[in-house]
Amino acid sequence: MPHDFMPGLAGVPAAKSAVSDVDGERGVLEYRGIRVEELCARSSYLETAYLLLFGVLPSLSAYQKWSEDITHHRRLKFSIIDLMKCLPEQGHPMDVLQAAVAALGMFYPGRNVRDAENNYWSAVRLVAKLPTIVAAWARLRRGDEAVPPKDDLGFSENFLYMLTETEPLPLWAEIFDDCLILHAEHTMNASTFTGLVTASTLADPYTVVASALGALKGPLHGGANEEVVEMLREIGRPESARGYVESKIRAKQRLMGFGHRVYKVKDPRATVLQKLCSSLFQACGSSPLYDVAVEVERVAGEFLSGKGIYPNVDFYSGIIYDKMNMSPDLFTPLFAMARVSGWLAHWLEQLRENKLFRPDQIYAGEHNRPYVPLDQR
Ligand code: ACO
């Protein structure tokens, strides 16, 4: 049966899912039916991760158990730390994260994905340990020892503590937690799809997450947040934004942090992130990058809004992380340690009615070519 070819599978459904929904015309994002703005205002990342994974908000006792399970699995085996110490210090943190997650799978038996109990503990370990890996690498690569997690600290507080060995300001932990909520899930994007393709072979969840991490790394997907901050630094001051934007548009190059396959209006996550910027700056002083970003958005709007191209989630997130003294190459790993809950939610959902992904292609090559021996070519 002939099929239309849709480059990038644009608009082609790859799954039936109840995990999240995007209305790209109205700029609405819901996790399990709850708007992301409401989750940022009222929930926590850990509770949101539970909602994504298990479909409902947890009862008090379920939340306590989930939270304890995560807290008790945040530590890394010393061999994982040793393995990371062997990696080159200039290695990109996304590559290190991918290598460490792939290695993690080898340390935990029970990779049978038909076993619901195993799957629960795999999900707990992955959600719990990704931040520990990211924080450990941020320290190990500059010759410091990794800081072990502190059991009396919440998820985001503990991550910020493991980075600096100092307990963060409560406001920083709250804002960072909201950033994690905003990055936790986003329907059938490239990394989720990659994870599902791997999952459809019944590979174990560590392999699923390692493959999703590879897709997230690219600059057209999660890697854009790192490039946005580089771009804002290069522009330097608001007065230079127009010249920069115009030269990019003239050269038919892309502005990083703009555009989205689904949103035709401003990404609702970008709007929440801007509000988080304001809260952070009220407490800790402004950021010159923010003033440049606002001007870039204004000027870019003149050229790109007609095409439905507006800031996406990656445009303002890096400004917050930069203000929290995190280096740009950590931005995509921060995205990953939030998104792991979305990847795993889709993985659990797919396992219920799994079918191996094996798409078709439209063959555009030749047939019946003769083989020409090497000495006659
Ligand atoms: N800057 C300038 N023009 C753009 C941009 C941009 N950021 N994004 C799209 N366009 C233009 C294209 O040049 C094209 O113009 P044309 O029709 O005149 O040729 C038109 O918009 C459509 O572009 P496509 O590439 O077909 O749209 P697609 O849906 O494939 O693009 C994508 C989505 C890849 C995210 C794109 O907008 C982009 O490259 N953005 C920059 C990278 C980025 O910020 N990625 C993060 C996305 S969010 C996330 O993954 C977490």
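Not measured: the values here are computed from a predicted model.

## A short note on the site of the ligand
Item 1. Surveying the vicinity of the ligand reveals 20 residues, the closest of which are His221, Arg254, Leu255, Phe258 and Lys307.
Item 2. Within the side chain of His221, an N or O atom sits 2.8 Å from an oxygen atom of the ligand.
Item 3. Here an oxygen atom of the ligand and a side-chain polar atom of Lys307 are 2.8 Å apart.
Item 4. When the ligand sits alone it has 920 Å² of accessible area, and the protein chains cover 69% of it.
Item 5. Comparing atom positions with the cavity grids shows the ligand to sit within the largest pocket.
Item 6. Its residues assigned to classes, the shell around the ligand comprises 10 nonpolar, 6 polar and 4 charged.

## Remarks on empty space enclosed by the protein
Item 1. Within the structure shown, the criterion is met by 1 cavity of 30 Å³ or more.
Item 2. Estimates place the volume of the largest cavity at around 30 Å³.
Item 3. Lining of the largest cavity is provided by Gly259, His260, Tyr263, Val265, Lys266, Asp267, Gly308, Tyr310, Pro311 and Asn312.
Item 4. Looking at side-chain class alone, the lining of the largest cavity contains 4 nonpolar, 4 polar and 2 charged residues.

## Re the sheet that holds strand β1 (residues 20–23)
Item 1. Pairing is antiparallel in the open sheet, where 3 strands are placed in the order β1-β2-β3. Of all the strands in the sheet, just β1 and β3 (34–35) have a single pairing partner and so form its edges.
Item 2. Note: β1 against strand β2 (residues 28–31), 4 bridges, orientation antiparallel. Looking at β2, one finds that Val22 is bridged to Leu29.

## Description of the packing of aromatic side chains
Item 1. Scanning all chains against the criterion turns up 16 aromatic pairs.
Item 2. Ring centres of Phe54 and Trp66 lie 5.7 Å apart, and the angle between their planes is 90°; on these two criteria the pair is classed as edge-to-face. Linking Phe54 in helix α2 (residues 45–54) with Trp66 in helix α3 (residues 60–72), this pair joins segments that are 12 residues apart in sequence.
Item 3. Residue Trp66 is classed as buried on the basis of its relative accessible area, which comes to 0%.
Item 4. Aromatic side chains Tyr108 and Tyr206 sit 6.2 Å apart centroid to centroid with 15° between the ring planes, which places their arrangement in the stacked category. Taken together, the residues span a long stretch of sequence, with Tyr108 in the loop between α5 (93–107) and α6 (116–140) and Tyr206 in helix α10 (residues 205–216) at a distance of 98 residues. In terms of burial, Tyr108 and Tyr206 fall into one category: buried.
Item 5. Three or more aromatic residues link up through ring pairs in this structure, and these residues are Tyr50, Phe54, Trp66, Tyr120 and Trp121.
Item 6. Note that Lys150 overlies the ring of Tyr161, its terminal NZ or CZ placed 5.7 Å from the centroid.

Cut-offs applied
- Residues numbered from 1 in each chain as written.
- Predicted model: local features only at pLDDT ≥ 70, side-chain atom pairs only at ≥ 80, totals over all residues.
- Heavy atoms only, no water.
- Near = heavy atom within 4 Å.
- Polar contact = N/O pair within 3.5 Å; in protein donor to acceptor, adjacent residues only side chain to side chain.
- Areas by Shrake-Rupley, 256 points an atom, 1.4 Å probe, with all protein chains shown as cover.
- 1 Å grid on protein atoms, 1.4 Å probe; cavity = no way out; pocket = protein on both sides within 12 Å on 5 of 7 lines; lining within 4 Å.
- Sits in = over half its atoms within 2 Å of the grid points.
- Nonpolar A, V, L, I, M, F, W, Y, C, P; charged D, E, K, R; others polar.
- Points joined across faces, edges and corners; volume = space filled by probe spheres on them.
- Pairing = 2+ DSSP bridges.
- Helix = DSSP H or I, 4+ residues; strand = E, 2+ residues; numbered from the N terminus.
- Phe/Tyr/Trp six-rings, centres within 6.5 Å; stacked < 30°, edge-to-face > 60°.
- Buried < 20%, exposed > 50% of the residue type's maximum accessible area, 1.4 Å probe, protein only.
- Lys NZ or Arg CZ within 6 Å of the ring centre and 35° of its normal.

Note that all results are geometric; they support no functional claim without further evidence.
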